[in-house]
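Breakdown of the fold
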Amino acid sequence: MRIVLVGPPGAGKGTQAQFIASHLSIPKISTGDIFRANVSGGTELGRKAKQYMDRGDLVPDEVTIAMVRDRLAEKDAREGFLLDGFPRNVPQAETLKKILAEWDQRLDLVLELVVDEDEVVRRLSGRRTCGQCGKIWHVDFDDKQDDICDDCGGALFQRDDDKEEVVRHRLEVYQEQTAPLVSFYADEEILRGIDATGPVEEVTERALAVVRQFD
Ligand code: AP5
Ligand code: ZN
(Lines give C-alpha, C1' and ligand atoms only; values in the text may rest on other atoms or scores of the structure.)
(Ligands and ions follow the chains in the order given, each with its own letter.)
Protein backbone atom coordinates (compact mmCIF):
# COMPACT_ATOMS: atom_id res chain seq x y z
CA MET A 1 0.00 0.00 0.00
CA ARG A 2 1.10 3.57 -0.69
CA ILE A 3 -0.04 5.95 2.01
CA VAL A 4 0.52 9.62 2.84
CA LEU A 5 -0.07 10.98 6.35
CA VAL A 6 -1.05 14.63 6.51
CA GLY A 7 -1.84 16.87 9.46
CA PRO A 8 -0.52 19.88 11.35
CA PRO A 9 2.76 19.87 13.30
CA GLY A 10 2.22 17.82 16.43
CA ALA A 11 -0.88 16.02 15.13
CA GLY A 12 0.82 12.69 15.83
CA LYS A 13 1.99 11.79 12.31
CA GLY A 14 5.35 10.41 13.47
CA THR A 15 3.74 8.56 16.37
CA GLN A 16 1.10 6.90 14.20
CA ALA A 17 3.48 6.35 11.29
CA GLN A 18 5.63 3.97 13.32
CA PHE A 19 2.61 1.79 14.23
CA ILE A 20 0.87 1.84 10.84
CA ALA A 21 4.06 1.14 8.87
CA SER A 22 5.10 -1.75 11.09
CA HIS A 23 1.55 -3.18 11.00
CA LEU A 24 1.63 -3.15 7.18
CA SER A 25 5.33 -4.13 6.92
CA ILE A 26 6.10 -1.12 4.73
CA PRO A 27 8.89 1.44 5.22
CA LYS A 28 8.07 4.67 7.03
CA ILE A 29 9.59 7.57 5.14
CA SER A 30 9.65 10.77 7.19
CA THR A 31 11.18 13.79 5.47
CA GLY A 32 11.58 15.53 8.85
CA ASP A 33 13.54 12.54 10.20
CA ILE A 34 15.75 12.35 7.10
CA PHE A 35 16.51 16.08 7.33
CA ARG A 36 17.27 15.85 11.06
CA ALA A 37 19.61 12.88 10.52
CA ASN A 38 21.45 14.90 7.87
CA VAL A 39 21.69 17.93 10.14
CA SER A 40 23.19 15.90 12.97
CA GLY A 41 25.47 14.05 10.54
CA GLY A 42 26.73 17.40 9.21
CA THR A 43 26.06 16.53 5.54
CA GLU A 44 25.67 19.00 2.67
CA LEU A 45 21.92 18.28 2.60
CA GLY A 46 21.73 18.92 6.34
CA ARG A 47 23.51 22.24 5.95
CA LYS A 48 21.07 23.29 3.23
CA ALA A 49 18.01 22.26 5.27
CA LYS A 50 18.98 23.53 8.73
CA GLN A 51 18.40 27.26 8.22
CA TYR A 52 14.83 26.62 7.01
CA MET A 53 14.03 24.08 9.72
CA ASP A 54 15.28 26.36 12.49
CA ARG A 55 12.84 29.06 11.34
CA GLY A 56 9.99 26.60 10.83
CA ASP A 57 9.90 27.24 7.08
CA LEU A 58 9.71 24.58 4.40
CA VAL A 59 12.98 23.43 2.89
CA PRO A 60 12.97 24.40 -0.86
CA ASP A 61 11.06 21.97 -3.07
CA GLU A 62 13.99 21.08 -5.35
CA VAL A 63 16.03 19.87 -2.36
CA THR A 64 13.14 17.97 -0.76
CA ILE A 65 11.80 16.38 -3.93
CA ALA A 66 15.22 15.10 -5.07
CA MET A 67 15.71 13.52 -1.66
CA VAL A 68 12.29 11.83 -1.67
CA ARG A 69 12.68 10.59 -5.23
CA ASP A 70 15.96 8.89 -4.29
CA ARG A 71 14.41 7.33 -1.21
CA LEU A 72 11.34 6.05 -3.08
CA ALA A 73 13.59 4.46 -5.69
CA GLU A 74 15.11 2.18 -3.06
CA LYS A 75 14.17 -1.47 -3.19
CA ASP A 76 12.23 -1.62 0.09
CA ALA A 77 9.77 1.05 -1.14
CA ARG A 78 8.83 -0.70 -4.37
CA GLU A 79 5.81 -2.58 -3.01
CA GLY A 80 4.58 0.17 -0.72
CA PHE A 81 5.49 2.93 1.71
CA LEU A 82 4.10 5.34 4.23
CA LEU A 83 5.11 8.97 3.74
CA ASP A 84 5.15 11.20 6.84
CA GLY A 85 5.63 14.92 6.21
CA PHE A 86 5.69 14.75 2.41
CA PRO A 87 4.10 16.17 0.32
CA ARG A 88 3.86 19.46 2.17
CA ASN A 89 2.47 21.74 -0.55
CA VAL A 90 0.59 21.37 -3.84
CA PRO A 91 3.71 21.49 -6.09
CA GLN A 92 5.23 18.59 -4.08
CA ALA A 93 1.96 16.65 -4.43
CA GLU A 94 1.87 17.21 -8.18
CA THR A 95 5.51 16.12 -8.54
CA LEU A 96 4.93 13.02 -6.42
CA LYS A 97 2.05 12.05 -8.67
CA LYS A 98 4.30 12.37 -11.75
CA ILE A 99 7.15 10.39 -10.17
CA LEU A 100 4.82 7.54 -9.21
CA ALA A 101 3.16 7.58 -12.65
CA GLU A 102 6.62 7.10 -14.27
CA TRP A 103 6.87 3.89 -12.24
CA ASP A 104 3.23 2.84 -12.94
CA GLN A 105 2.34 3.52 -9.33
CA ARG A 106 -0.15 5.75 -7.56
CA LEU A 107 -1.16 6.60 -4.01
CA ASP A 108 -3.87 4.44 -2.42
CA LEU A 109 -4.74 6.62 0.57
CA VAL A 110 -4.10 10.03 2.10
CA LEU A 111 -4.92 9.92 5.78
CA GLU A 112 -5.52 13.27 7.47
CA LEU A 113 -5.00 13.48 11.25
CA VAL A 114 -7.46 16.07 12.56
CA VAL A 115 -6.54 17.86 15.82
CA ASP A 116 -7.22 21.41 17.00
CA GLU A 117 -4.51 24.00 17.55
CA ASP A 118 -4.55 24.07 21.38
CA GLU A 119 -3.93 20.33 21.50
CA VAL A 120 -1.11 20.61 18.97
CA VAL A 121 0.67 23.25 21.05
CA ARG A 122 0.28 21.08 24.17
CA ARG A 123 1.68 18.04 22.36
CA LEU A 124 4.69 19.86 20.89
CA SER A 125 5.70 21.64 24.08
CA GLY A 126 6.01 18.28 25.90
CA ARG A 127 7.51 16.22 23.09
CA ARG A 128 10.80 14.40 23.64
CA THR A 129 12.52 12.17 21.08
CA CYS A 130 14.96 9.32 21.73
CA GLY A 131 18.35 10.12 20.18
CA GLN A 132 19.12 6.42 19.90
CA CYS A 133 15.99 4.58 18.60
CA GLY A 134 13.91 7.58 17.45
CA LYS A 135 10.86 6.75 19.57
CA ILE A 136 8.64 9.76 20.29
CA TRP A 137 7.57 10.44 23.90
CA HIS A 138 5.56 13.07 25.76
CA VAL A 139 6.54 14.30 29.23
CA ASP A 140 2.95 14.44 30.55
CA PHE A 141 1.06 11.83 28.54
CA ASP A 142 3.79 9.22 29.00
CA ASP A 143 4.47 10.40 32.56
CA LYS A 144 8.20 10.78 31.91
CA GLN A 145 10.12 11.51 35.12
CA ASP A 146 13.55 11.41 33.48
CA ASP A 147 15.08 12.00 30.04
CA ILE A 148 15.80 8.32 29.35
CA CYS A 149 14.02 6.21 26.71
CA ASP A 150 12.06 3.38 28.37
CA ASP A 151 12.50 1.23 25.25
CA CYS A 152 16.24 1.41 24.65
CA GLY A 153 17.82 3.45 27.45
CA GLY A 154 18.90 6.22 25.03
CA ALA A 155 18.88 9.90 26.01
CA LEU A 156 15.80 11.94 25.09
CA PHE A 157 16.11 15.39 23.53
CA GLN A 158 13.78 18.28 22.73
CA ARG A 159 13.65 19.41 19.10
CA ASP A 160 15.03 22.91 18.36
CA ASP A 161 11.92 23.77 16.32
CA ASP A 162 9.57 23.02 19.26
CA LYS A 163 10.26 26.45 20.79
CA GLU A 164 7.01 28.37 21.12
CA GLU A 165 7.65 31.09 18.51
CA VAL A 166 8.86 28.54 15.94
CA VAL A 167 5.83 26.32 16.64
CA ARG A 168 3.54 29.28 15.98
CA HIS A 169 5.28 29.93 12.65
CA ARG A 170 5.10 26.23 11.68
CA LEU A 171 1.34 26.34 12.26
CA GLU A 172 1.03 29.38 9.96
CA VAL A 173 3.10 27.62 7.30
CA TYR A 174 0.82 24.59 7.65
CA GLN A 175 -2.33 26.67 7.15
CA GLU A 176 -0.92 28.54 4.17
CA GLN A 177 0.96 25.84 2.31
CA THR A 178 -0.02 22.37 3.52
CA ALA A 179 -3.74 22.64 4.33
CA PRO A 180 -4.59 23.15 0.60
CA LEU A 181 -3.45 19.53 0.06
CA VAL A 182 -6.62 18.37 1.76
CA SER A 183 -8.80 19.64 -1.07
CA PHE A 184 -6.21 18.52 -3.66
CA TYR A 185 -6.50 14.92 -2.45
CA ALA A 186 -10.25 15.16 -1.79
CA ASP A 187 -10.61 15.90 -5.52
CA GLU A 188 -8.60 12.74 -6.24
CA GLU A 189 -11.00 10.81 -3.96
CA ILE A 190 -8.27 9.21 -1.88
CA LEU A 191 -8.54 11.45 1.20
CA ARG A 192 -9.91 10.24 4.53
CA GLY A 193 -9.80 12.24 7.77
CA ILE A 194 -9.80 10.76 11.25
CA ASP A 195 -10.17 12.32 14.69
CA ALA A 196 -6.60 12.20 16.06
CA THR A 197 -7.47 13.14 19.66
CA GLY A 198 -7.67 10.64 22.50
CA PRO A 199 -5.22 7.88 23.47
CA VAL A 200 -2.55 6.93 20.92
CA GLU A 201 -3.85 3.32 20.64
CA GLU A 202 -7.38 4.53 19.85
CA VAL A 203 -6.09 6.81 17.11
CA THR A 204 -4.07 3.89 15.69
CA GLU A 205 -7.25 1.74 15.67
CA ARG A 206 -9.16 4.46 13.78
CA ALA A 207 -6.29 4.75 11.30
CA LEU A 208 -6.08 1.00 10.73
CA ALA A 209 -9.84 0.77 10.23
CA VAL A 210 -9.53 3.22 7.33
CA VAL A 211 -6.41 1.49 5.98
CA ARG A 212 -8.32 -1.82 5.83
CA GLN A 213 -11.01 -0.23 3.64
CA PHE A 214 -8.38 0.82 1.10
CA ASP A 215 -6.14 -2.27 1.22
P1 AP5 B 1 8.52 17.37 10.51
O2 AP5 B 1 9.47 16.61 11.30
O3 AP5 B 1 7.72 16.67 9.46
O4 AP5 B 1 7.58 18.15 11.52
P5 AP5 B 1 5.99 18.43 11.55
O6 AP5 B 1 5.17 18.16 10.37
O7 AP5 B 1 5.94 19.82 12.04
O8 AP5 B 1 5.45 17.38 12.47
P9 AP5 B 1 5.97 16.98 13.84
O10 AP5 B 1 7.07 15.99 13.69
O11 AP5 B 1 6.26 18.22 14.64
O12 AP5 B 1 4.68 16.35 14.51
P13 AP5 B 1 3.97 14.97 14.29
O14 AP5 B 1 2.65 15.19 13.63
O15 AP5 B 1 4.88 13.96 13.69
O16 AP5 B 1 3.66 14.62 15.82
P17 AP5 B 1 4.35 13.54 16.81
O18 AP5 B 1 3.93 12.17 16.43
O19 AP5 B 1 5.80 13.84 16.98
O20 AP5 B 1 9.27 18.58 9.79
C21 AP5 B 1 10.20 19.37 10.45
C22 AP5 B 1 10.76 20.41 9.49
O23 AP5 B 1 11.44 19.73 8.39
C24 AP5 B 1 9.75 21.30 8.78
O25 AP5 B 1 9.39 22.42 9.58
C26 AP5 B 1 10.49 21.69 7.51
O27 AP5 B 1 11.44 22.70 7.77
C28 AP5 B 1 11.23 20.40 7.16
N29 AP5 B 1 10.44 19.54 6.27
C30 AP5 B 1 9.95 18.28 6.55
N31 AP5 B 1 9.27 17.80 5.50
C32 AP5 B 1 9.32 18.76 4.53
C33 AP5 B 1 8.77 18.85 3.21
N34 AP5 B 1 8.04 17.84 2.67
N35 AP5 B 1 9.02 19.97 2.50
C36 AP5 B 1 9.76 20.98 3.02
N37 AP5 B 1 10.29 20.97 4.26
C38 AP5 B 1 10.07 19.86 5.01
O39 AP5 B 1 3.55 13.91 18.16
C40 AP5 B 1 3.78 15.14 18.84
C41 AP5 B 1 3.73 14.91 20.37
O42 AP5 B 1 2.41 14.51 20.75
C43 AP5 B 1 4.65 13.79 20.87
O44 AP5 B 1 5.18 14.14 22.11
C45 AP5 B 1 3.71 12.57 21.01
O46 AP5 B 1 4.16 11.69 22.03
C47 AP5 B 1 2.41 13.25 21.39
N48 AP5 B 1 1.21 12.51 20.92
C49 AP5 B 1 1.03 11.95 19.69
N50 AP5 B 1 -0.20 11.39 19.62
C51 AP5 B 1 -0.81 11.63 20.83
C52 AP5 B 1 -2.09 11.32 21.37
N53 AP5 B 1 -3.00 10.62 20.68
N54 AP5 B 1 -2.36 11.73 22.62
C55 AP5 B 1 -1.44 12.44 23.33
N56 AP5 B 1 -0.21 12.74 22.87
C57 AP5 B 1 0.10 12.36 21.64
ZN1 ZN C 1 14.96 4.74 22.50
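- Looking up the chain in an unreviewed UniProt entry gives the name Adenylate kinase, with the organism given as Actinomadura craniellae.
- Within the UniProt record for the chain, the comment given under Subunit (unreviewed entry) is "Monomer."
- Per UniProt, the comment on the chain under Catalytic activity (unreviewed entry) is "AMP + ATP = 2 ADP".

Section: the UniProt feature "binding site: Zn(2+)" (unreviewed entry) in the chain
- The positions UniProt marks with the feature "binding site: Zn(2+)" (unreviewed entry) are Cys130, Cys133, Cys149 and Cys152. Spatially, the listed residues are clustered: although they cover 23 residues, their C-alpha atoms lie within 8.5 Å of one another.
- Residue position: Cys130 is located in strand β5 (residues 127-130).
- Since 20 C-beta atoms lie within 10 Å of it, Cys130 is described here as buried.
- For Cys149, a count of 20 C-beta atoms within 10 Å corresponds to the buried category.
- The residues contacting Cys149, other than those within four sequence positions of it, are Cys130, Gln132, Cys133, Lys135, Gly154 and Leu156.

Looking at the nonpolar core
- In terms of nonpolar packing, the biggest core is built from 34 residues, with Ile3, Val4, Leu5, Leu82, Leu83, Val110 and Leu111 touching the most fellow members.
- Ignoring any residue separated from it by four or fewer positions in sequence, one finds Leu111 in contact with Ile3, Leu5, Arg192, Ile194, Ala207 and Val210.

Observations concerning the sheet that holds strand β7 (residues 156-157)
- Taken in spatial order, the three strands of this open sheet run β6-β5-β7, and their pairing is antiparallel. With one partner strand each, in any of the chains shown, β6 (136-138) and β7 form the two edges of the open sheet.
- Bridge count between β5 and β7: two bridges; the pairing is antiparallel. Bridging across to β7, Thr129 finds its partner in Phe157.

Here's the deal with the site of ligand 1
- Taken together, 35 residues surround ligand 1, and among them Pro9, Gly12, Gly32, Gly85 and Arg123 come closest.
- When residues of the shell around ligand 1 are traced back to their parent elements, those giving at least two are α1 (13-24), α2 (31-40), α3 (44-55), α6 (117-125), β6 and α9 (200-214).
- Class assignment for the residues of the shell around ligand 1 results in 15 nonpolar, 13 polar and seven charged.

A look at unusual backbone geometry
- Look at the link from Phe86 to Pro87: it is a cis peptide, with omega at -5°.
- You can see Pro87 is positioned in the loop between β3 (81-84) and α5 (90-102).
- With a phi angle near 55°, Ser25 is a residue other than glycine that sits in the positive phi range.
- The topology assignment puts Ser25 in the loop between α1 and β2 (28-30).

Section: the environment of Val167
- Mapped onto the fold, Val167 is located in helix α7 (residues 164-178).
- You can call Val167 partly exposed: it has 19 C-beta atoms within 10 Å.
- Beyond its immediate sequence surroundings of up to four residues, Val167 is in contact with Pro9, Val121, Leu124 and Asp162.

What about α6?
- Within α6, the full set of buried residues consists of Val120, Arg123 and Leu124. Down the axis of α6, the buried set is contained in an arc of 95°. They therefore lie on one face.
- The secondary structure elements touched by the buried residues of α6 are β5, β6 and α7.

With respect to the pairing of β5
- The side-chain alternation of β5 yields two buried faces, one formed by Arg127 and Thr129 and the other by Arg128 and Cys130.
- Sheet topology places β5 next to β6; three bridges connect them, and they run antiparallel. When the bridges of β6 are listed, Thr129 appears paired with Ile136.
- Counting the residues in the hairpin turn of β5 and β6 gives five residues, including Gly134, whose phi is positive at 85°.

Thresholds applied
Every chain's residues receive numbers from 1 upward, in the order its sequence appears when written. Ligands are numbered from 1 and chains lettered from A, in the order in which they are written. Local features in this predicted model are restricted to residues whose pLDDT is 70 or higher, and side-chain atom pairs enter the listing and the counts only when it is 80 or higher, whereas totals over whole chains, interfaces and linings include all residues. UniProt positions are given in the numbering used here, feature names are shortened, and annotations may be inferred rather than shown by experiment. In this description a helix means any DSSP run of H or I spanning at least four residues, a strand means any run of E spanning at least two, and both kinds are numbered starting from the N terminus. Exposure classes come from backbone-placed C-beta atoms, where a residue is buried if 20 or more other C-beta atoms lie within 10 Å of its own, exposed if 12 or fewer do, and partly exposed in between. Note on contacts: residues are paired as contacts if their backbone-placed C-beta atoms lie within 7 Å. In these notes, a nonpolar core means any group of buried Ala, Val, Leu, Ile, Met, Phe, Trp, Tyr and Cys residues linked to one another through C-beta atoms within 7 Å. Only strands joined by at least two bridges in the DSSP assignment are considered to pair. All residues are tested the same way: a C-beta atom is placed from the backbone, and lying within 6 Å of a molecule or strand makes the residue near it. Under this grouping Gly is polar, as are all residues other than the nonpolar Ala, Val, Leu, Ile, Met, Phe, Trp, Tyr, Cys and Pro and the charged Asp, Glu, Lys and Arg. The directions from the helix axis to the C-beta atoms are what the arc is built from.

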